[in-house]
Amino acid sequence: MTEKVVLGIDIGGTNLRLALVDNNYKTHDMFITNIADYKNKNFKKWLINTINDYIENSSKEVAAIGVGVPGIVDRDQIISCPNITELENSKLKETLYNQFKIPIVIEKDVNLIMLAEQKLLNRTAQNIVGFFIGTGFGCSIIINGRLYKGFRGFAGELGHIPLKGKSKPCNCGSKGCLEMYAAGKALEKIASNNNITIENFFIDMKGKSEVEEFLDNLAIGIVTSVNLLDPELIIIDGGVIRMKGFPLKYLKELIKQRLRSNIMIDNLEIIDSNIGKYGGCLGAGVYFFDYIQK
Ligand SMILES: [Zn+2]
């Protein structure tokens, strides 16, 4: 009998990743394709074709599919997805179920990554906030051991808190959002203003005032979550954090400088993750094997 596995799918801003997850939380058959491939085609059709090709070539039996999307998910409905507007208000879960006839789950991408982080940490922390800094400012919250999604799924949208005196329009429809000043979009702008490439950004720009401001904005977002939720653990990850020369130690110092008391500083652990680029796929496996059964 073939082994039953979960197919984890991570729809990112740039790449689509697929991987099989077994019940020992091991990933297999990692596959990546550029999301730009679908441009000018029907996204859902392109996704179904990609999944079909993948499953046909798989050695294991796919028993369920978990999909992480870069948007807000409320009761299985994608209610906001600015990067792939075709998915907004679409019935992706129903479409995939009709096609594959196996259990399907749709979840905000960073929430799946967070479940994988929580599982692999292999420790008892029950109150965790994860920051995933890439093109956008992703955040996911675990309170008392469970994902906290809020009333409509908007919990953790910390990238959209307004910064005083800032006014850049954000694709959420508001302006001056933290994400415009503390994520990849801001780095690209600073790099282009300084005529440097993004690859060595933190090496070429070390100590410059624009970078200091960027890091301070990042710290403000993280400290806001600490004051609001009093977590025992902060996880920091994402494409920006993994860039060459990123001053993680310095960022941790900035965070601690802004915390209000020694009690918080001494009891808050800040760690960077090494879950890797298939964390979202792995999280889909954790979701099925553990989370929905709890
Ligand atoms: Zn915004």
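Here is what the cut-offs are and how they apply
- Residues numbered from 1 in each chain as written.
- Predicted model: local features only at pLDDT ≥ 70, side-chain atom pairs only at ≥ 80, totals over all residues.
- Heavy atoms only, no water.
- Helix = DSSP H or I, 4+ residues; strand = E, 2+ residues; numbered from the N terminus.
- Rg over C-alpha atoms; globule rule 2.2 N^0.38 Å.
- Buried < 20%, exposed > 50% of the residue type's maximum accessible area, 1.4 Å probe, protein only.
- Contact = heavy atoms within 4.5 Å.
- Domains from an automatic or database assignment.
- Buried area = accessible area lost by both parts, 1.4 Å probe.
- Salt bridge = Lys/Arg side-chain N within 4 Å of Asp/Glu carboxyl O.
- Pairing = 2+ DSSP bridges.
- Axes fitted to C-alpha atoms, helices over the stretch in contact; angles between N-to-C directions.
- Lys, Arg positive; Asp, Glu negative; His and termini not counted.
- Parallel < 35°, antiparallel > 145°, perpendicular 65-115°, else oblique.
- Nonpolar A, V, L, I, M, F, W, Y, C, P; charged D, E, K, R; others polar.

*Asks:* Residues and numbers for the overall build of the protein, please.
*Replies:* When helices and strands are counted, the protein shows nine helices and 12 strands. Over its C-alpha trace the protein gives a radius of gyration of 19 Å, about what one expects of a compact globule, namely 19 Å for 294 residues. Viewed in the frame of its principal axes, the protein has a C-alpha envelope of about 55 × 45 × 35 Å. By the burial criterion, 51% of the 294 residues in the protein qualify as buried. Of the contacts made within the protein by residues no fewer than 6 positions apart, 64% connect residues no fewer than 24 positions apart.

*Asks:* Kindly report on the domain arrangement of the protein, identifying the contributing residues and their values.
*Replies:* Along its sequence, the protein is organised into domain 1 (4–112 + 277–293) and domain 2 (126–231 + 239–272). Interface area, domain 1 with domain 2, both sides summed: about 1300 Å², of which 46% is carbon and sulfur. The largest share of the area that domain 1 buries against domain 2 comes from V110, N111 and Y291, three residues that together contribute 40% of it. Residue K149 pairs with E107 through a salt bridge whose shortest N-O separation is 2.6 Å.

*Asks:* Can you lay out the sheet that holds strand β3 (residues 27–34) for me, pointing to particular residues and giving the numbers?
*Replies:* Strands sit in the order β3-β2-β1-β4-β7 across an open sheet of five strands; the sheet is mixed. In this open sheet, the two strands that pair with only one neighbour each are β3 and β7 (104–108). For this sheet, the mean inter-axis angle between neighbouring strands, taken without regard to orientation, is 20°. Packing of helix α3 (residues 109–121) onto the sheet brings it into contact with β1 (4–11), β4 (61–69) and β7, and relative to β7 it is tilted by some 100°.

*Asks:* Tell me what's going on with the sheet that holds strand β11 (residues 233–237), and back it up with residues and numbers.
*Replies:* Taken together, five strands build an open sheet; the order of strands is β10-β9-β8-β11-β12 and the sheet is mixed. If you trace the sheet from one side to the other, it starts and ends with β10 (146–147) and β12 (269–272), each paired once. Relative to β11, strand β8 (residues 128–133) is paired through five bridges, and the arrangement is parallel. By the bridge assignment, F131 is partnered in β11 with I236. Across the sheet, α3 touches β8, β9 (137–143), β10, β11 and β12, and the angle it forms with β8 is around 125°.

*Asks:* Give a description of the side chain of E117 that names residues and reports values.
*Replies:* Tracing the chain through its elements places E117 in helix α3. Despite its burial, E117 pairs with no opposite charge; the closest candidate is R242, at 7.0 Å N-O. Apart from the residues within four sequence positions on either side, E117 is in contact with F132, I235, D237, S273 and I275.

*Asks:* Residues and numbers for the pattern of salt bridges, please.
*Replies:* Scanning the entire structure with this criterion turns up 10 salt bridges. Of the charged contacts, one joins E157 and K108 as a salt bridge, the two residues approaching to 2.8 Å between their closest N and O atoms. Of this pair, E157 sits in the loop between β10 and α4 (184–193) while K108 is found in strand β7, placing the two residues 49 residues apart along the sequence. Among the salt bridges present, the one from K185 reaches E179, with a minimum N-O distance of 2.8 Å. Ionic contacts of the salt-bridge type, sharing partners, join the residues D74, R75 and R152 into one network.

*Asks:* Which residues make up the packing of α3 against helix α9 (residues 279–289), and what are the values?
*Replies:* Two elements in contact, α3 and α9, have axes separated by 7 Å at closest approach and are oriented at 75°. With respect to α9, the element α3 is oriented roughly perpendicular. Seen from α3, the contacting residues are L112, I113, L115, A116, K119 and L120; seen from α9, they are G279, G280, L282, G283, A284, V286 and Y287. Of the residues that constitute the contact of α3 with α9, the class distribution is nine nonpolar, three polar and one charged.

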